[in-house]
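Descriptive analysis of the structure
The chain contents come next:
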Amino acid sequence: MTPYLSVVVPVYNEEGNLDNLMQRLYPALTGMKRPFEIIFTDDGSRDRSLEILKRLAKEYPEVRVIEFNGNFGQHMAIMAAFEISRGEIVVTLDADLQNPPEEIPKLVAEMENGHDVVGTIRHNRQDSVFRKSASRLVNITTRKMTGMKMTDYGCMLRAYHRNVVNNINRCHEASTFIPALAQTFASSPSEIEVAHAERSAGESKYSFYKLIRLNFDLMTGFSVVPLQLFALTGIVTALGAVAFALFLLVRRFMVGAEVEGVFTLFAILFFFIGITIFGIGIVGEYVGRIYQEVRRRPRYVVRRVYGGSDEG
Ligand code: UDP
Ligand code: MG
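Okay, so let's go over this structure.

Basis of the calculations
- Residues numbered from 1 in each chain as written.
- Chains lettered and ligands numbered in written order.
- Predicted model: local features only at pLDDT ≥ 70, side-chain atom pairs only at ≥ 80, totals over all residues.
- Heavy atoms only, no water.
- Near = heavy atom within 4 Å.
- Polar contact = N/O pair within 3.5 Å; in protein donor to acceptor, adjacent residues only side chain to side chain.
- Areas by Shrake-Rupley, 256 points an atom, 1.4 Å probe, with all protein chains shown as cover.
- Nonpolar A, V, L, I, M, F, W, Y, C, P; charged D, E, K, R; others polar.
- Helix = DSSP H or I, 4+ residues; strand = E, 2+ residues; numbered from the N terminus.
- Expected span 1.5 Å × (residues − 1).
- Buried < 20%, exposed > 50% of the residue type's maximum accessible area, 1.4 Å probe, protein only.
- Arc of directions from axis to C-beta.
- Contact = heavy atoms within 4.5 Å.
- Pairing = 2+ DSSP bridges.
- Axes fitted to C-alpha atoms, helices over the stretch in contact; angles between N-to-C directions.
- Salt bridge = Lys/Arg side-chain N within 4 Å of Asp/Glu carboxyl O.
- Core = buried A, V, L, I, M, F, W, Y, C linked by side-chain atoms within 4.5 Å.
- Left-handed = near helix turned anticlockwise from the far one by under 90°.
- Right-handed = clockwise from strand over helix to strand, strands pointing away.
- Phe/Tyr/Trp six-rings, centres within 6.5 Å; stacked < 30°, edge-to-face > 60°.
- Lys NZ or Arg CZ within 6 Å of the ring centre and 35° of its normal.
- 1 Å grid on protein atoms, 1.4 Å probe; cavity = no way out; pocket = protein on both sides within 12 Å on 5 of 7 lines; lining within 4 Å.
- Points joined across faces, edges and corners; volume = space filled by probe spheres on them.

Within the structure, ligand 1 sits among 18 residues, and Glu 14, Asp 43, Asp 96, Ser 204 and Lys 205 are positioned closest to it. Within the side chain of Arg 199, one N or O atom sits 3.0 Å away from an oxygen atom of ligand 1. Burial of ligand 1 by the surrounding chains reaches 95%, relative to a free accessible area of 540 Å². Partitioning the shell around ligand 1 into residue classes produces five nonpolar, five polar and eight charged.

Now the structure itself:
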């Protein structure tokens, strides 16, 4: 029977969460009385996650497991699962139980009201103060730069209609951010509030560095505003410099030669050198991604799929 609902879960070193997750996810889905499937992608875990997933695939006929050849990142893990998903509605869910699986029926109900993407806003978010304030900044700048109206970019408990998923599957970009990508294909997006919990076991898989990488993916993947802002800064600075030179020229005639303030000049100079390097860095972010795209290497490598028809 073709599933009506596909639940997609990326997994990276989540051995402590998978059994608990299944114990809550399964009843939440059977309670909806619609055919469903659960697709886990093991994103190159180095703990016992894959073992547990293989066991789940044997135990539950609804479960399929994609085994990646290495760690390709959360968004690639979701992409791979999207490609083999069959449901009319596809829901993404984190494995760490930060998004309660019990909220899935609410998402599906909202989809059935005629929306093709249902996003979520984390009510009472349970993360560190640092993560929360960083997120707030990212949400505001992303909204400004991409012009997309999404309240909470980071929350991955989301539902997508088959049409949207099919369009996402047509995108072969090497670095992406799925909620933003989906938003570009949505004709009637909606948002609901969902509960949020602390990570049930293990640690966040995003280091500070990985978070920055992810946000560059989001910025460069969906907007060229950073480049435009940089060009604009250049123009403003150049105009300022011309005005300042004129001012110095006039002053030269009125006050005579001056040599004070040499070190202030250094400080100012370093500031602008900093801005220049920053700008080259931004350009580099785009160029690097263009390079990745033109090489057309596979974005991820699937070693094997377990469960479903590919019995193994
Ligand atoms: N994840 C993944 N590959 C990665 C990093 C994370 O598949 O390289 C998965 C992870 O197992 C979890 C989800 O993505 O199911 C979200 O990760 P995490 O909870 O660490 O992120 P946070 O909640 O801290 O933003
Ligand atoms: Mg988490």
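Picking up where we left off.
Across its 13 residues, helix 1 (residues 18-30) extends 18 Å between first and last C-alpha, which sits within 8% of the 18 Å expected from 1.5 Å per residue. Buried residues of helix 1: Leu 18, Leu 21, Met 22, Leu 25, Tyr 26, Ala 28 and Leu 29, and no others. For helix 1, the angular spread of buried residues about the axis comes to 165°, placing them on one side. On the buried face of helix 1, the contacting elements are strand 1 (5-11), strand 2 (36-42), helix 2 (49-59), strand 3 (63-68) and helix 4 (104-112).

Spatial ordering of the open sheet is given by 7-5-6-4-1-2-3-8, a layout of eight strands whose pairing is mixed. Each edge of the open sheet is held by one strand with a lone partner, namely strand 7 (189-195) and strand 8 (302-307). Strand-to-strand twist across the sheet, computed as the mean angle between neighbouring axes with direction ignored, equals 20°. Bridge analysis of strand 3 against strand 8 gives five bridges, and the strand direction is antiparallel. In the strand pairing of strand 8, Val 65 is matched with Tyr 306. Of the strands in this sheet, strand 1, strand 4 (89-92), strand 5 (117-123), strand 6 (158-161) and strand 7 touch helix 4, which is tilted by about 140° from strand 5.

On inspection of all chains with the given rule, the structure shows 20 salt bridges. Measuring nitrogen to oxygen at the nearest pair gives 3.0 Å for the salt bridge that ties Arg 303 to Glu 67. With Arg 303 in strand 8 and Glu 67 in strand 3, the pair connects residues that are 236 residues apart, well separated along the chain. Residues joined in a network through salt bridges with shared partners are Glu 14, Asp 96, Arg 199 and Lys 205.

Below, the discussion takes up the nonpolar core. Ranked by size, the top nonpolar core spans 39 residues in total, and within it Leu 5, Ile 38, Phe 40 and Ile 104 carry the most contacts. Those elements that provide at least two residues to this core are strand 1, helix 1, strand 2, helix 2, strand 3, strand 4, helix 4 and strand 7. Formed by 33 residues, the second largest nonpolar core is a distinct cluster that contains Val 117, Tyr 160, Ala 180 and Tyr 300.

With that settled, consider the packing of helix 3 (residues 74-84) against helix 6 (residues 162-169). Close contact between helix 3 and helix 6 brings their axes to 10 Å; oriented N to C, the two are set at 120°. Here the hand of the crossing between helix 3 and helix 6 comes out left-handed. Listed contacts from helix 6 to Met 79, Phe 82 and Glu 83 of helix 3 are Val 165, Ile 168 and Asn 169. A class-by-class count of the residues in the contact of helix 3 with helix 6 yields four nonpolar, one polar and one charged.

Before going further, it helps to spend a moment on the pairing of strand 1. Successive side chains on a regular strand alternate, one facing one side of the sheet and the next facing the other. Counting buried positions along strand 1 yields seven of seven residues, so the element is predominantly enclosed. Residues Leu 5, Val 7, Val 9 and Val 11 point to one face of strand 1 and Ser 6, Val 8 and Pro 10 to the other, with burial holding for every one of them. The pairing of strand 1 with strand 2 spans seven bridges and is parallel. The residue bridging Val 9 from the neighbouring strand is Phe 40, located in strand 2. For the handedness criterion, the β-α-β arrangement of strand 1, helix 1 and strand 2 is classed as right-handed.

Our focus in this paragraph is the packing of aromatic side chains. All told, the structure shown has ten aromatic pairs when counted by the stated rule. Note on Phe 244 and Phe 247: the rings are 6.2 Å apart at their centroids and 20° apart in plane angle, and the pair reads as stacked. Of this pair, Phe 244 and Phe 247 both sit in helix 9 (residues 225-255), three residues apart, roughly one helical turn. Judged by centre distance (5.2 Å) and plane angle (70°), the rings of Phe 271 and Phe 272 are edge-to-face. Residue Phe 272 is classed as partly exposed on the basis of its relative accessible area, which comes to 33%. These aromatic residues form a ring-pair network of at least three members: Tyr 26, Phe 36 and Tyr 60. Over the ring of Tyr 206 we find Lys 210; its NZ or CZ atom is 5.5 Å from the centre of that ring. Taking the ring centre of Tyr 291 as reference, the NZ or CZ of Arg 295 above it sits at 4.5 Å.

Moving on, we get to the layout of surface pockets. What the second largest pocket holds in volume is close to 540 Å³. Looking at the second largest pocket, it is lined by 19 residues, and the ones nearest its centre are Phe 244, Leu 248, Gly 261, Leu 265 and Ile 268. Broken down by secondary-structure element, the contributors of at least two residues to the lining of the second largest pocket are helix 9 and helix 10 (262-295). Looking at which element gives the most residues to the lining of the second largest pocket, the answer is helix 9, with seven residues.

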